[in-house]
Each structure stands twice: as structure tokens, then as C-alpha cells.
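Architecture at a glance
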Amino acid sequence: QVQLVESGGGLVQAGESLRLSCAAARSIFILATMGWYRQASGNQRELVAWITTGGTTNYVDSVKGRFTISRDNAKNTVYLQMRSLKPEDTGVYYCNAVRPEYRGVWGQGTLVTVSS
């Protein structure tokens, strides 16, 4: 059973924007603080933005002010609006619950490539 499906990645130039979407299984979505994770080549997966069930958002410093996470509870979907993209934002982006006990099977992710 597919639980998480990410989409919206692509190749953009530095300074441009992308909007990522993640469709999640309701069993995960309704209980969990959801996060967007990024994995650059050769690096570990890192959490870059997260949103609680109540809509409170948090970001790591490297994306603060440029990325906006949101969720549509009716659609079981999490979004990541990315602006002013930088080459260091390049990587595969995944979504999943933040707490391990709520996580589903990781999806395929969506590749974001930012050229300088």
C-alpha cells in the first residue's frame, strides 16, 4: 500500500520557485506532525520544515524565510512552497511524519535540482 507520494520537483535556476506536494495516507496524516525532508547526494536525510496538526510551522535556519509548509486536512496533503531557491537546496525531497511511531513507508521522493 502506497502511503506517501511526493510530486512537484524539477530543474530550476537559482532564485526561482517550486511547489512540492505530498499526498499521504489518512492513517498517517490525521495524527501526525508532518515534515518535509531533504536528502542531498551523499548526505543523510534531514528534516527542513514541519507542521503540526494544528498548523504550527517550524523551519531549519537554512530555509527560514524562503520555504513555507502548509497542509490541507481535507485532502490529506502537505505542501512545500520554495522560493529564492539556491543550489544548496538541491536534493530529493520526501515527506513523512516527524515522530517515528507515526511514520509510513517512505515514498520515492521528488528531485529538486537548482542550477547556479
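A brief look at the structure comes next. Fair warning: this is a prediction, and the values are worked out from it, not measured in the lab.

Examining the pattern of salt bridges
For the coordinates displayed, the defined rule picks out five salt bridges. Across the pair Arg38 and Glu46 runs a salt bridge whose closest N-O atoms are separated by 3.2 Å. We classify Glu46 as partly exposed; its relative accessible area is 35%. Between Arg38 and Asp89 there is a salt bridge, with the nearest N and O atoms lying 3.0 Å from each other. Residue Arg38 is located in strand β4 (residues 34-39), and its partner Asp89 is located in the loop between β8 (77-82) and β9 (91-97); the two are separated by 51 residues in the primary sequence. Like Asp89, Arg38 is buried. Each member of the salt-bridge network shares a partner with another, and the members are Arg38, Glu46, Arg66 and Asp89.

Notes on the sheet that holds strand β6 (residues 57-59)
Taken together, the six strands give an open sheet; going across it, the order is β2-β10-β9-β4-β5-β6, and neighbouring strands pair in mixed fashion. Of all the strands in the sheet, just β2 (10-13) and β6 have a single pairing partner and so form its edges. Here the strands of the sheet are splayed against their neighbours by 25 degrees on average, with no regard to which way each runs. In this structure, β2 lies alongside strand β10 (residues 110-115), joined through four bridges in parallel fashion. Residue pairing in the sheet places Leu11 in a bridge with Thr113 of β10.

Quick notes on the rules
Residues numbered from 1 in each chain as written. Predicted model: local features only at pLDDT ≥ 70, side-chain atom pairs only at ≥ 80, totals over all residues. Heavy atoms only, no water. Salt bridge = Lys/Arg side-chain N within 4 Å of Asp/Glu carboxyl O. Buried < 20%, exposed > 50% of the residue type's maximum accessible area, 1.4 Å probe, protein only. Helix = DSSP H or I, 4+ residues; strand = E, 2+ residues; numbered from the N terminus. Pairing = 2+ DSSP bridges. Axes fitted to C-alpha atoms, helices over the stretch in contact; angles between N-to-C directions.

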